[in-house]
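Structure assessment
Each chain, written out:
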Amino acid sequence: MSRKPRLKGRAARLARLFPARPRQAARTPFVLLVVLLLGGGLIGLLVLNSALSEGSFEMDDLQKDTKNLTDEEQALQRDIDSYSAPDALQRRARELGMVPGGDPAFLDPDGTVKGVPSAAPRSPADTPLAVRPPEAIATLPALPSAAAPGALPTAAAEPAPAATAPGMSATTAIPTTPGR
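Residues numbered from 1 in each chain as written. Predicted model: local features only at pLDDT ≥ 70, side-chain atom pairs only at ≥ 80, totals over all residues. Heavy atoms only, no water.

1. Quick notes on the overall build of the chain
Put simply, the rule is: By definition, any uninterrupted DSSP run of H or I lasting at least four residues is a helix, any uninterrupted run of E lasting at least two residues is a strand, and each is numbered from the N terminus. Three exposure classes are used, based on accessible area relative to the maximum for each residue type with a 1.4 Å probe and protein chains only: buried under 20%, partly exposed in between, and exposed over 50%. All accessible-area figures derive from a Shrake-Rupley calculation using a 1.4 Å probe, and residue coverage is judged against the displayed protein chains alone.
Of the regular secondary structure elements, the chain holds three helices and two strands. Helices and strands appear in the chain in the N-to-C order α-α-α-β-β. The proportion of buried residues among the 180 residues of the chain is 2%. Here the chain displays about 16600 Å² of accessible surface, and carbon together with sulfur accounts for 64% of that area.

What follows is the structure in structure tokens.
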């Protein structure tokens, strides 16, 4: 049998600090710790990669939505531009029965009138039959208390003439002064 030599002094004290034979149990927790750390890291990378790819798909969808909305905005802007073109405005105004205005008159801050106003020319060919001027539209009269519920009046009431202040013309609604 072989015997280990006996150590003396300082060597003996150092030898007591190290175990005489290696233990197998000390390796098992370390190996488990390393396996758990590697497995956790791999699972973390998988979750991170999935989240990034989901965000990428969502970003692609949002970019498509943005492109569609931008196209729609441009189409609407083209419509607005076509409706606000001078010839389109003139055509629509004629459809509504509007005519070009006459000569304007201006009021100074002191109340004097500059210019001679004239009425706008009115041509029956310019106004369509379906469009009526506002003064031709009569409001429905109130039902008499003796009328049965649900009964409609048989004749439309005539509109009342517009009231004018003294010194105002009923056709132009511009203050008139004698001698001008």
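2. A look at a nonpolar patch on the surface
This is how the line gets drawn: The residues that make up patches have over 30% relative accessible area and no salt bridge, and they are joined within 9 Å when like-charged or within 5 Å when they are Val, Leu, Ile, Met, Phe, Trp or Tyr. For this document, the term salt bridge refers to a Lys or Arg side-chain nitrogen within 4 Å of an Asp or Glu carboxyl oxygen.
Taken together, Phe-30, Val-31, Val-34, Val-35 and Leu-38 make up a surface patch of nonpolar side chains, about 470 Å² in accessible area. As for its placement among the helices and strands, Leu-38 is situated in helix α2 (residues 27–83).

3. Comments concerning the pattern of salt bridges
According to the stated counting rule, one finds four salt bridges in the structure shown. For Arg-92, the salt bridge identified is with Glu-95, shortest N-O distance 3.2 Å. Here Arg-92 pairs with Glu-95, and both are found in helix α3 (residues 86–95), just three residues apart, close to one helical turn. Arg-92 gets classed as partly exposed once you look at its relative accessible area, which sits at 45%. Using a relative accessible area of 37% as the deciding quantity, one classes Glu-95 as partly exposed. Between Asp-108 and Lys-114 there is a salt bridge, with its nearest N and O atoms 3.7 Å apart. In this structure Asp-108 comes out as partly exposed when scored by relative accessible area, which is 26%. Residues joined by salt bridges that share partners form a network here, namely Arg-91, Arg-92 and Glu-95.

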